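Geometric and topological summary
Here is what each chain is made of, one letter per residue.
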Amino acid sequence: MSRDPDPVALEGGLHRFVHRTRPLEVRFGAGRVAEAGSLLETCGIRRALVVSTRSGMVRAVSMLEALGEGVAGRFDGARVHVPESVVAEALRVADRSGADGYLAVGGGSAIGVAKAMALETGAPMVAVPTTYSGSEMTHVWGVTSAGGKRTGRDDRVAPRGVIYDPELLVGLPSPLGAESGVNALAHAVEALYAPDRTPLSTLLAEEGIRALGEGLPGLLRRPEDLTHPSTTLRGAHLAGWALDLTTMGLQHKLAHVLGGTFDLPHARVHAILLPHVVAWNGPAAPGAMRRLVRALGGDGATEGEGSGVPRGAAALERLNDRVGIPRSLAHLELDRGALEQVADLALEAPYANPRPVTRDGVREILESAWSGRSYL
Ligand code: NAD
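Given the structure is predicted, the values throughout are model-derived calculations rather than measurements. (Residues numbered from 1 in each chain as written. Predicted model: local features only at pLDDT ≥ 70, side-chain atom pairs only at ≥ 80, totals over all residues. Heavy atoms only, no water.)

We now examine the nonpolar core. Within soluble globular proteins, side chains that are nonpolar generally end up buried alongside one another. Residues Leu254, Leu273 and Leu329 are the most contacted members of the largest nonpolar core, which totals 71 residues. Shared between two domains, this core holds at least three residues of each, these being domain 1 (31-169) and domain 2 (174-371). When residues no more than four places from it in sequence are discounted, the contact partners of Leu254 are Leu273, Val277, Val342, Ala346, Val362, Ile365 and Leu366. If you look at the next biggest cluster of nonpolar residues, it comprises 26 residues, including Val82, Ala94, Tyr102 and Ala114. (Core = buried A, V, L, I, M, F, W, Y, C linked by side-chain atoms within 4.5 Å. Buried < 20%, exposed > 50% of the residue type's maximum accessible area, 1.4 Å probe, protein only. Domains from an automatic or database assignment. Contact = heavy atoms within 4.5 Å.)

Quick look at the structure:
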């Protein structure tokens, strides 16, 4: 199964890739949220609809005061998995307010609602992330309706500007912060073995994993120390960028099925699944596993050799344990009987994955994740 000796050099060692880019201004640093007004202006937005969750709007209040006339209105009904009905309501509010763009303040849910709006209207958006979801760096959108979660890629939904202010993440409570950080890690891990990876996406992914592995444990140990959210946010930025440049595999497919169809918390599902998907995919992506283990502080050179222990999965499990991620999907009160339906849905459409996806394989991953199998 070892057909991936170097995660960047494809096709028998000859590089062949496409790299696309879009105009984007990223401002990173403590206190930079004060620059929201000037970034809106740079991105051509005169009057923004502020999009957030209810609690996110409370956190955004002081920033909104500073924006003054730059705020056309507020929509604080963003919800996880971006329900279609929420997007329709947000568009009505935007229409009434006369907004010419959106300012998303919050996690992947707030940014996701603004993206779905931009998909409809083509209006520009600035994002101020307050979690580590990485959505602000991507042109990926997702909307949930009765039929499940639809996702797609479209340049219209990509934010034109992003402000990363680690001070906004100091109050992100655990386990939310840890789960969100491991969600970012999942983007970077899948970018490492994506079929359309490029030299840049691989660099971003590896450095993103390194920063997340360094920043995440500190969030729990010393939550008041700005260094940890800053390092973790830098990792989330790089991982989100890697996600933007590549096609995600089985990990993301399973997370979307479990989140969208069974209404489970997106980031926590990602975090619990990740070691199990990596244990299963690892043998088909040894080069990616070497980079993963190296970025998490291990000896990547010997990954895949000898004992047969999936060291990438073990390194991820160890990190999950350190940051308090539950080991099993059973913690989410997911009935074991539902695994069959998850497998059916995950197998509905073919998609990129380093190891060919089979029903037995998906069942094996789901059983391991449900029972909390250990790789240590
Ligand atoms: P979220 O946005 O739902 O936030 C979780 C909760 O945390 C919310 O109640 C929110 O109000 C609260 N919160 C946010 N920031 C906070 C802070 N600083 N302090 C205290 N509370 C805070 O969760 P998420 O994990 O950021 O995003 C999940 C969603 O994002 C899913 O729908 C997922 O599909 C999507 N997503 C999309 C992409 C993409 O590229 N399109 C990438 C990653 C995630």
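Moving on: the environment of Arg291. Mapped onto the fold, Arg291 is located in helix 10 (residues 286-295). The exposure class assigned to Arg291 is buried, which follows from its relative accessible area of 18%. Taking C-alpha positions, Arg291 is 28 Å from Leu169, a pair spaced 122 residues apart along the chain. (Helix = DSSP H or I, 4+ residues; strand = E, 2+ residues; numbered from the N terminus.)

What follows concerns the environment of Ala184. Here Ala184 lies in helix 5 (residues 176-192). With 159 residues separating them in the primary sequence, Ala184 and Ala343 have C-alpha atoms 24 Å apart. Every residue in contact with Ala184, bar those within four places of it in the chain, is listed here: Tyr132, Leu212, Ala236 and Ala239.

Glancing now at the sheet that holds strand 5 (residues 125-129). If you walk across this open sheet you meet the six strands as 1-8-5-4-2-3, and the pairing is parallel. The sheet is open, and its two edges are formed by strand 1 (25-28) and strand 3 (71-75), each paired on a single side. Here the average twist between neighbouring strands, direction ignored, is 15°. Of the strand pairs in this sheet, strand 5 and strand 8 (residues 161-164) are connected by two bridges, and their pairing is parallel. Across the sheet, residue Ala127 finds its bridge partner in strand 8, namely Val162. (Pairing = 2+ DSSP bridges. Axes fitted to C-alpha atoms, helices over the stretch in contact; angles between N-to-C directions.)

A few words on the pairing of strand 3. Look at any regular strand and the pattern is simple: side chains alternate between the two faces of the sheet. For strand 3, the buried fraction is high: four of the five residues fall into the buried class. Taken together, the four bridges between strand 2 (residues 48-51) and strand 3 define a ladder with parallel strand orientation. For Leu49, the partnering residue across the bridge sits in strand 3 and is Gly73. Each parallel crossover has a hand, and for strand 2 linked through helix 2 (residues 54-67) to strand 3 it is right-handed. (Right-handed = clockwise from strand over helix to strand, strands pointing away.)

Attention now goes to the pattern of salt bridges. Side-chain pairs of opposite charge can arise where the charged atoms are in close proximity. Evaluated as defined, the whole model comprises 26 salt bridges. The salt bridge involving Glu25 is made with Arg27; its shortest N-O contact spans 2.8 Å. Among the ionic pairs, Arg222 bridges to Glu224, the shortest N-O distance being 3.9 Å. Given the relative accessible area of 54%, Glu224 is considered exposed. (Salt bridge = Lys/Arg side-chain N within 4 Å of Asp/Glu carboxyl O.)

Keep in mind these numbers describe shape, not what the thing actually does.
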